[in-house]
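# Structural overview for review
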Amino acid sequence: MSQTEEPADGEAEPEESPARGVDYDAIEGLLGDAVVSRETHRNAEGFVVRADRVQDALSSLKEEAGFDHLSNVTAQEYADRFESIYHLKKYDDPTEEVSVVVPTPRDRPVSQSAEPVFRTADWHEREAYDLVGIEYDEHPDLRRILLPETWQGHPLGRDYNQDKPQIVTFEEHENPLADDHRDADTMLVNIGPHHPATHGVLHLKAVLDGETVADVESDIGYLHRCEEQMAQSGTYRHQIMPYPDRWDYGSAGILNEWAYARVAEDLNDIEVPEYAQVVRTMSAELCRIAAHLLALGTFCLDIYGDFTAIFMYAMRDREVVQNILEDLTGQRMMFNYLRLGGVVWDVPEPREEFFAQVREFLADLPNRIDEYHDLITENELFQLRTVDTGVLEPETAKEYGVTGPVARASGIDYDLRRDDPYGYYEHLDWDVITDDGKDNYSRLLVRMREVEQSARIIEQCVDLLEDWDEEEREIQANVPRTLNPEPDAEVYRAVEGAKGELGIYIRSDGTDTPARFKIRSPCFSNLQALPEMAEGEYVPDLIATLGSLDIILGEVDR
Amino acid sequence: MSREKPRDDIIDTTAPQTKTREDRMSEVDSRFNSTLREAFGSTPFILTKFDSFMNWVRGSSMFMLQFGIACCSIEMMHTYAVKHDLDRFGSGVPRASPRQADVMIVPGTIVSKFAPRMKRVYDQMPEPKFVVNMGSCSTSGGPFQQGYNVVKGTEEVIPVDIHIPGCPPRPEALVYGIAKLQERVRNGETSPVTVKPYELEQFGDLETDELVEKLADDIDEESLVMRYNWADSP
Ligand code: SF4
């Protein structure tokens, strides 16, 4: 129930019942004596659960109440306690949410791990341990994930001293030809952190048996640039908005900004004018096209192995989108275009020229897409490389909290633009694309079809904007200079980013900066499922699978 | 193709030789008209210092390291690709292996975990090598300078020749930066090599302090380590 939504369908106001249509009393009954108390977050009710009963609580929510999507795990430190929050949703209806809050004492921050219930909790809890310092009992592999192994202290904890020096080791990755490996059947291959196929600075430790991948482990954190710390030290009104552009930097800037805009508008009860919503929707979908084109270009770079025509074509088309976005926002990549309560300025004058430019791009797009289909999807070699490789079953995908095009290519019909509507999407005519192929090929296909749908959305937005009465072009709501949301309000909200569900949790403390700002990155969860797809496949298929996941390391590591 | 007469040139006249010589001395035959030819003039010799020649060669054919770190690398890809096409300027073939590269463009934020790796990649490049800093992150830490994990600029770790400001710099800016680098290389200018705050050392060689003592059990004496110091770096 965001403020960005039309008051339609007789849904209740946020203050009265945070999440729509969930019977929280029944849930409280279901959880029984695991629950200590209950608190109300803006988006859902939070059940405070005993630290040794986490698994019971989560598995009854999952098995009996149908909350099968562990969207995010937020860890934070209060003056008197640590707290882990498990944000649960349903894949069938993401508006049904519930939070499980697990407090632990400061002197012994240990709680039960959720990993046996939700596989995706593995990485989330490792991150919580790394950055905040909560330990999880029964966790299969609790070690640092983002920071180097030898790091001292937990940087998002309260008494962390940033001025203390640290020592970072530069250990050779294990040598696969060391003596004790000589007789073994397997061989360890390090891919990355500097490698053209990893799309950034990702390190994969792959154990090969012949040419088959026996085991693969991702080592991330080579681009952990403290996004959460940055956001926690910025003010709500202006200082946070530039950072989202840099999470998923594959030109998905406005989609990310919208995630922040949505959560902050919810927190501060800001209503966004309808005109601004249409402009937002249009610009966000332009970003999605640019991001998907980048995914397509680099995926083909992985498959064909060189800077060939397809990559160049994708770049050429991206240039066109970037020019449009530059005219609109003033920057090619780091748009910083949304503001709380609207957008920073209206579409550029002369409007006709701008719209003509957009229309020209849209008119050209079908030809371009046909061309891509000729070059890529109808190419037999490409089909041989991608069809039936990197298969991800929908059940596994749900276990890992996979979202976005990757989930939709596994047949999971889940798109927050439709299922948890925001912006202007619900008034427009477009389809959610799914495919049952579950393999690398379908993931590419879904992205290409989504480009077509985005084009449909943009076209309708342009129609609307062209006819909008000049007097009523309100681009921003009246928002105070400083925003001080009431203390201890907690909210978790997500939007459909280019890579999937991009969520943000904010806790306010009465000042003009957030006390805790947690980013739920879709790439982080998607990448975690890589072993499920790649193990048992050939090495080149591992590379193809990684490419088809379309991860952006800035968003994985944040 | 038999001739009725034997070819006249060798037998009874010296005209062809004279003609050739005259050609050489006067106008350049249009088929060979090139700037190089013009520079050579009538003689097949040029006089230059071997050093200058090498610098000219070096600056005119630079292989870039295909090295993507963060957001700036997307703009770097655009610079390599159609429209901006860095290759036009004699410097644009991205090489995947550092051992084949001359220039390293550093397009992104360097964090503590990556700094030693970047140093290793730099060390693997053959001499002479050049570094171009792309974007404010690699210049100073950029928007993330306050981050607990961020190295405040590439220059803390490796020597840098050119800084290109921007977040991200436009492709045109990158092209300009590379052109400037080529100019410097042609003029034989290099950046002074100074000692960097972040150096790889053996753990055993570190001065013992509280932190080293604490880590003594975890880290092998001989492993290479890098000190990360957020507060004391500029
Ligand atoms: S300078 Fe800006 S665009 Fe470049 S890596 Fe840093 S944050 Fe990204």
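Residues numbered from 1 in each chain as written. Chains lettered and ligands numbered in written order. Predicted model: local features only at pLDDT ≥ 70, side-chain atom pairs only at ≥ 80, totals over all residues. Heavy atoms only, no water.

Under an unreviewed UniProt entry, the name given to chain B is NADH-ubiquinone oxidoreductase chain B, and the source organism is Halarchaeum acidiphilum MH1-52-1. Turning to chain B, the UniProt record has this under Cofactor (unreviewed entry): "[4Fe-4S] cluster". Per UniProt, chain B has the following entry under Sequence similarities (unreviewed entry): "Belongs to the complex I 20 kDa subunit family." (UniProt positions renumbered as here; feature names shortened; annotations may be inferred.)

As annotated in an unreviewed UniProt entry, chain A carries the name NADH-ubiquinone oxidoreductase chain C / NADH-ubiquinone oxidoreductase chain D and comes from Halarchaeum acidiphilum MH1-52-1. Listed in UniProt under the heading Subunit (unreviewed entry), the comment for chain A reads: "NDH-1 is composed of 13 different subunits. Subunits NuoB, CD, E, F, and G constitute the peripheral sector of the complex." In its Catalytic activity (unreviewed entry) section, UniProt records this for chain A: "a quinone + NADH + 5 H(+)(in) = a quinol + NAD(+) + 4 H(+)(out)".

## Considerations on a negative patch on the surface
Together, Asp327(A), Glu349(A), Glu352(A), Glu353(A), Asp469(A), Glu470(A), Glu471(A) and Glu472(A) give the surface a local cluster of negative charge. Mapped onto the elements of the fold, Asp327(A) is located in helix 7 (residues 309-329). (Patch = residues over 30% accessible without salt bridge, like charges linked within 9 Å, V, L, I, M, F, W, Y side chains within 5 Å. Areas by Shrake-Rupley, 256 points an atom, 1.4 Å probe, with all protein chains shown as cover. Salt bridge = Lys/Arg side-chain N within 4 Å of Asp/Glu carboxyl O. Lys, Arg positive; Asp, Glu negative; His and termini not counted. Charge placed at Lys NZ, Arg CZ, Asp CG, Glu CD. Helix = DSSP H or I, 4+ residues; strand = E, 2+ residues; numbered from the N terminus.)

## Structural notes on the pattern of salt bridges
Where charged atoms from two side chains of opposite charge approach closely, those side chains can pair. All names here are of chain A. Tallied over the full model, the rule gives 60 salt bridges over all chains. In this structure, Lys518 and Glu127 form a salt bridge, with 3.3 Å as the shortest nitrogen-oxygen distance. Of this pair, Lys518 sits in strand 16 (residues 514-520) while Glu127 sits in helix 3 (residues 121-131); the two residues are 391 residues apart in sequence, bridging distant segments of the chain. The pair formed by Lys518 and Glu127 is uniform in burial state, with each residue classed as buried. Here the salt bridges do not stand alone but share partners, grouping Glu285, Arg288, Arg408, Asp415, Arg417, Glu450 and Glu496 into one network. (Buried < 20%, exposed > 50% of the residue type's maximum accessible area, 1.4 Å probe, protein only.)

## Comments concerning the UniProt feature "domain: NADH-quinone oxidoreductase subunit D" (unreviewed entry) in chain A
If you check UniProt for "domain: NADH-quinone oxidoreductase subunit D" (unreviewed entry), the listed places come out as residues 308-558 of chain A in our numbering. Between the C-alpha atoms that bound residues 308-558 of chain A there is a distance of 31 Å. The span itself is 50% helix and 10% strand.

## What about helix 3 of chain A?
Residue and element names in this part refer to chain A. When you tally the buried positions in helix 3, you get 10 out of 11 residues, the bulk of the element. Within the span of helix 3, buried status applies to Ala121, Asp122, Trp123, His124, Glu125, Arg126, Glu127, Ala128, Asp130 and Leu131. Directly after helix 3, the chain includes Gly133, whose backbone phi takes a positive value near 100 degrees.

## Side note on the interface of chain B and chain A
With 56 residues of chain B at the contact, the number on the chain A side is 58 residues. For the pairing of chain B and chain A, the buried interface totals around 5200 Å² over both sides, and the portion due to carbon and sulfur atoms is 65%. The interface formed by chain B and chain A includes 4 salt bridges. Glu75(B) serves as the salt-bridge partner of Arg332(A), at 2.7 Å between the closest nitrogen and oxygen. In this assembly, chain B and chain A are joined by 17 residue pairs in polar contact (both at pLDDT 80 or more). Elements supplying a minimum of two residues to the side of chain B that touches chain A: helix 5 (71-80), helix 6 (115-124), helix 9 (210-215) and strand 7 (224-228) of chain B. Of all the elements, helix 5 of chain B adds the most residues to the side of chain B that touches chain A, at 6 residues. Among the residues making up the side of chain B that touches chain A, the classes are represented as 37 nonpolar, 11 polar and 8 charged. (Contact = heavy atoms within 4.5 Å. Buried area = accessible area lost by both parts, 1.4 Å probe. Polar contact = N/O pair within 3.5 Å; in protein donor to acceptor, adjacent residues only side chain to side chain. Nonpolar A, V, L, I, M, F, W, Y, C, P; charged D, E, K, R; others polar.)

## A short note on the sheet that holds strand 14 (residues 490-496) of chain A
Residue and element names in this part refer to chain A. Pairing is antiparallel across the open sheet formed by 3 strands, whose spatial order is 14-15-16. A single partner strand is all that each edge strand has here, and the edge strands are strand 14 and strand 16. Sheet twist, expressed as the average angle between the axes of neighbouring strands with direction ignored, equals 15 degrees. Across 6 bridges, strand 15 (residues 501-508) lies against strand 16 in antiparallel orientation. Bridge pairing in strand 16 places Arg507 opposite Arg516. (Pairing = 2+ DSSP bridges. Axes fitted to C-alpha atoms, helices over the stretch in contact; angles between N-to-C directions.)

## Describing the pairing of strand 16 of chain A
Of all 7 residues that make up strand 16 of chain A, 6 are buried, and the element is covered over most of its length. Once strand 15 of chain A ends, the chain turns through 5 residues before running back antiparallel as strand 16 of chain A, passing Gly510(A) with a positive phi of about 90 degrees.

## What to know about the UniProt feature "domain: NADH:ubiquinone oxidoreductase-like 20kDa subunit" (unreviewed entry) in chain B
Here the UniProt feature "domain: NADH:ubiquinone oxidoreductase-like 20kDa subunit" (unreviewed entry) sits at residues 71-181 of chain B. Between the C-alpha atoms that bound residues 71-181 of chain B there is a distance of 22 Å. The span itself is 33% helix and 15% strand.

## With respect to the site of the ligand
The ligand sits among 15 residues. The nearest are Cys71(B), Cys72(B), Ser136(B), Cys137(B) and Cys167(B). Those residues lying near the ligand are distributed over chains A and B. Among the elements of the structure, helix 5 and helix 7 (135-140) of chain B are those that each provide at least two residues to the shell around the ligand. If you tally residues by element for the shell around the ligand, the top one is helix 7 of chain B, at 3 residues. Along the lines of polarity and charge, the residues of the shell around the ligand split into 9 nonpolar, 4 polar and 2 charged. (Near = heavy atom within 4 Å.)

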